[in-house]
Structures are given as C-alpha cells and as structure tokens.
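What the coordinates show
The lines below spell out each chain.
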Amino acid sequence: MHVTTKAIVLREADYKESDKILTVLTPDLGRITVQARGCRKKGNGLSAACQMLVWSEMTLSEFRGRWTVTEAAVELEFRKLRSDLDKLALGTYFAEILESIVQEESPADGLLPLLLNCLYALDQLDKPLPQVKAAFELRSMSLAGFEPLLDGCAVCGRAPEQPRLNLTQGVLHCAECSKEAGDGISMPVSPPVLSAMGHILSCPGKKLLSFRLDEPSLTQLGDVCEAYLLTQLERGFRSLDYYKELQAPAAVFGKGM
C-alpha cells in the first residue's frame, strides 16, 4: 500500500549504516514510525525531509505493518528556529510532548496544527519563548483531554478572590477551600494569569499567542502550565531539562545586572 501525506518529524534515530528510523506525525495516519532507507548517504533525496521538525510531503509504503519513506519533498524547514539553540530545544520539547500523548496510528486532532503554529511562532514571530512554551503546554493538555476547569471554585462555586489551581485534580479553587479541593499540590494563579489561561483554552488556534502579560505574570503562567503538564502526564522530559539548562545562564546573568 502506498500513501502520500504531509508529515513532521518528531524523532529521528540512526539505523544501520545509512538509514534512519523516524517518528512522524501526520494528519491522515496520526503518529507512525517509518524507516528512511539510505537517507544518511550524501546526496540522497530523502535527507532534508528526514530531520527533526521538518514538515514535508511524504510518500509512504506499508508492508506487513511497517512503513517506509519512498519519496519526500520539504515544505517547511523552520530555518531560523533551527539556527537558534534555545528555540530548537523548545521545539524539540514540543515534539517530545506530542510523541508521548498521541497514540500510535491514532488521530492527532488539533495537536498537529498546534505544533505547526507554535513552531511558526518560534521561527517567524517576535514572541517571548516562555509565552509560546506556556501556551503550547496548556493547549496541548486541553486537546489531549486534560483541560483544567477554570470557571470557578470547584468547592464553593464562587469566583475565587485568591484562586489556586490543583495540579492533580485539574480544578480551580479558593485559597480558603484548599482542604476540600482534593489531594495534590495547588499553585496560586493571579487574575491576569487566569485570564490568559482562559484565552489559551478557548481562542481560535491562530489567536493562541494574542495576549500580553507583564514579566512576573508571564513567569507565573509558565510555572503553572509546566507543572500542570508534568503532573498530568506523570513524567519528565529530557528536552525540557536541556531547554532549562540553556536558559539558566541567562537568568543568572539577568539577576547579576
């Protein structure tokens, strides 16, 4: 069977002398594993399309449950992103998230457009990296079925004056209702951050980053969204650790100034 589809590479691993094993995300087949034979040879026509975070049109051949790339034409390479180590690390983190939450050969629903939009933002838009990161984390959790309930306190039903988000239960609650909100750690959420989270969860995809926060609020948004994702998925990410290592010297330098 032969299929032509769009695909973005979420993971690449060298295989044998000149092949690669790729994890790709497609709109038609969801997440699949494919073999790219000979793509590491000099001058091979598949080489450019078989790199991390490259969006291509691929022709795939399936035989006995195994997929092979037979043709590929690059459509988006995100070159500016690839030339910036911080942005590349963040894009790799996004890919690792999707690899963990999209099941093999299952529909990706809105997760593929989310990835492409956020990679485009890193590549072309002048948006703070923490803003893109937080928006991707929270929106991906919503699309994967882990959307937090932010309409009001889950205990008393009122609009909380000092809102907190229970990371395990995924519910908002008042500071005074903490004991009744369920097990797990809760984090404070300021009104501006709560408003930004509501925007991320409900806005059209192309408006995802059309919000502004001051630096302290953006820091809080980033902390809450990251903690929520890690708590819900019950795992860490090597790419996130690497991204944080890259960011650490800048943070230390900034404090010294």
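Placed above this text is the structure.
In this text, all values refer to a predicted model and were calculated from it rather than measured experimentally.

Calculation rules
- Residues numbered from 1 in each chain as written.
- Predicted model: local features only at pLDDT ≥ 70, side-chain atom pairs only at ≥ 80, totals over all residues.
- Heavy atoms only, no water.
- Helix = DSSP H or I, 4+ residues; strand = E, 2+ residues; numbered from the N terminus.
- Expected span 1.5 Å × (residues − 1).
- Buried < 20%, exposed > 50% of the residue type's maximum accessible area, 1.4 Å probe, protein only.
- Arc of directions from axis to C-beta.
- Contact = heavy atoms within 4.5 Å.
- Axes fitted to C-alpha atoms, helices over the stretch in contact; angles between N-to-C directions.
- Parallel < 35°, antiparallel > 145°, perpendicular 65-115°, else oblique.
- Nonpolar A, V, L, I, M, F, W, Y, C, P; charged D, E, K, R; others polar.
- Pairing = 2+ DSSP bridges.

To continue, consider helix H5 (residues 191-202). Taking 1.5 Å per residue, 12 residues should reach 16 Å; H5 reaches 17 Å between its end C-alpha atoms and fits that length. Burial in H5 covers these residues: Val-193, Ala-196, Met-197, Ile-200 and Leu-201. Burial along H5 is one-sided: seen end-on, the buried residues are contained in an arc of 135°. Exposed side of H5, more than 90 degrees from the buried face: Pro-191, Ser-195 and Ser-202 are the residues found there. In this structure, the buried side of H5 is in contact with helix H4 (129-143), strand S6 (163-166) and helix H6 (215-233).

It is at 11 Å that the axes of helix H2 (residues 85-101) and H4 come closest, and there the two elements cross at 5°. One finds that H2 runs roughly parallel with respect to H4. On the side of H2, the interface is formed by Asp-86, Lys-87, Leu-90, Tyr-93, Phe-94, Ile-97, Leu-98 and Ile-101, while H4 contributes Leu-129, Val-132, Lys-133, Phe-136, Glu-137, Ser-140 and Met-141. In terms of residue class, the contact of H2 with H4 is made up of 10 nonpolar, 1 polar and 4 charged.

Quick look at the sheet that holds S6 now. Taken in spatial order, the 3 strands line up as S7-S6-S8 in an open sheet, and their pairing is antiparallel. Edge positions in the open sheet fall to strand S7 (171-174) and strand S8 (186-188), since each of these has one partner strand only. Across the sheet, the axes of successive neighbouring strands diverge by a mean angle of 35°, strand direction being ignored. As paired elements, S6 and S8 share 3 bridges and run antiparallel to each other. For Leu-165, the partnering residue across the bridge sits in S8 and is Met-187. This element, H6, spans S6 and S8 of the sheet and lies at about 165° to S8.

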